[in-house]
Amino acid sequence: MKRLLSIAVVTASTAASAMLFAADQQQKQGYKDTPLIPGTKWHIHDSDRPHPPVVTPGEKASQMADAPSDAVVLFDGKDLTKWQGNNGSEANWIVRDGYMETKPKAGAIRTKEQFGDFQLHLEFATPEKVEGTGQGRGNNGLNIFGRYEIQILDSYNNVTYADGQAAAIYGQFPPLVNASKGPGEWQTYDVIFEGPRWNEEGELTRKASVTVLHNGVIVHNNQELIGGTNHREIRRYRKHGEQGYISLYEHGNPVRFRNIWIRPLGQYDQAKGTAEKE
């Protein structure tokens, strides 16, 4: 009888341990078979990389911020005249009630105009109805020049790999903190981007860098990018122009956008009035 009882206890203990291990693995989304990120001990999308602390942002931050006089308004809630499909075709997303929304199988969209170093304001809302987990929940992305991505995702009580959560420099750096709001709530990104530079011999002289405020909270502070962003890899810098398109993805999740504007960074000691939009 004692032997049977001991076997039962061991079996129950083993089953409990297995359940705990399975639950832990569900919380750990990511990979261990990807390359190491240069200068770190972490693999790309590392399942063991620490998640940033959660911060509750202010109620309003920069929501519905007016565009400065030298800004190009990319979306004012009315139409998609400033946008096109990624192949140059007509942008085919939904526009209603002052926002645009991804349309299933319509593909990504990009700006018709190209931009250099910039300040960008963008507002987005992930679906109010929560469906999916990890990368399958409110997934989109702000892509710069077709090479560098700031992740858009529902990261409110939603575990994924740290360098793939909302406001991450995708596959390279998690945000300093998780300042996400809940599903369906409007959120803001304020992005300052400086592109890379090369000399006449094609040698990289300056890496791209980005500062990002998520809901008014700084999550990247003039952070240099290691290279181009991509799933499971970091792409080497390859010489490209000083200007490029701004793109928004379509990953099958109905993410909404509103109040998008962009302005050039300009330079010091510029003559008065030259930065104003003509």
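Refer to the structure presented above.
This report concerns the structure included in the present document.

Overview of the side chain of His-45
Inspection of the secondary structure assignment puts His-45 in the loop between helix H1 (2–27) and strand E1 (72–75). Judged by relative accessible area, His-45 falls into the buried class, the value being 0%. Setting aside residues up to four positions removed in sequence, His-45 forms contacts with Gly-30, Tyr-31, Tyr-161, Asp-163, Tyr-170, Gly-171, Asn-230, His-231 and Arg-232.

Regarding the packing of aromatic side chains
Evaluated as defined, the whole model comprises ten aromatic pairs. Ring geometry for Tyr-148 and Phe-193: centres 5.9 Å apart, planes at 35°, overall tilted. Of this pair, Tyr-148 sits in strand E8 (residues 148–152) while Phe-193 sits in strand E9 (residues 187–194), and the two are 45 residues apart along the sequence. Tyr-148 sits in the buried class, given a relative accessible area of 3%. Measuring from centroid to centroid gives 6.5 Å for Trp-198 and Tyr-237, while their planes differ by 75°, and the two rings are edge-to-face. Of this pair, Trp-198 sits in strand E10 (residues 197–198) while Tyr-237 sits in the loop between strand E15 (233–235) and strand E16 (246–248), and the two are 39 residues apart along the sequence. Relative accessible area serves as the criterion here: at 16%, Tyr-237 is assigned to the buried category. Pairwise contacts between aromatic rings join Phe-118, Phe-145, Tyr-148, Phe-193, Trp-198 and Tyr-237 into one cluster. A cation sits over an aromatic face here: Arg-232 above Tyr-31, 4.6 Å from the ring centre.

Thoughts on the environment of Asn-157
On the secondary structure map, Asn-157 appears in the loop between E8 and E9. On the basis of relative accessibility, which here comes to 70%, the residue Asn-157 falls in the exposed class. Between the C-alpha atom of Asn-157 and that of Gly-182, which follows or precedes it by 25 residues, the distance is 8.4 Å.

Structural notes on the pairing of E9
Burial analysis of E9 places six of its eight residues in the buried class, which makes it a mostly covered element. Pairing analysis gives seven bridges linking strand E6 (residues 118–125) to E9, with the strands arranged antiparallel. What sits directly across from Gln-119, in E9, is Ile-192. Two strands pair when backbone bridges link them, and E9 and strand E12 (residues 209–214) are joined in this way by six bridges, in the antiparallel orientation. Paired with Asp-190 across the two strands is Leu-213, which belongs to E12.

What counts as what
- Residues numbered from 1 in each chain as written.
- Predicted model: local features only at pLDDT ≥ 70, side-chain atom pairs only at ≥ 80, totals over all residues.
- Heavy atoms only, no water.
- Helix = DSSP H or I, 4+ residues; strand = E, 2+ residues; numbered from the N terminus.
- Buried < 20%, exposed > 50% of the residue type's maximum accessible area, 1.4 Å probe, protein only.
- Contact = heavy atoms within 4.5 Å.
- Phe/Tyr/Trp six-rings, centres within 6.5 Å; stacked < 30°, edge-to-face > 60°.
- Lys NZ or Arg CZ within 6 Å of the ring centre and 35° of its normal.
- Pairing = 2+ DSSP bridges.

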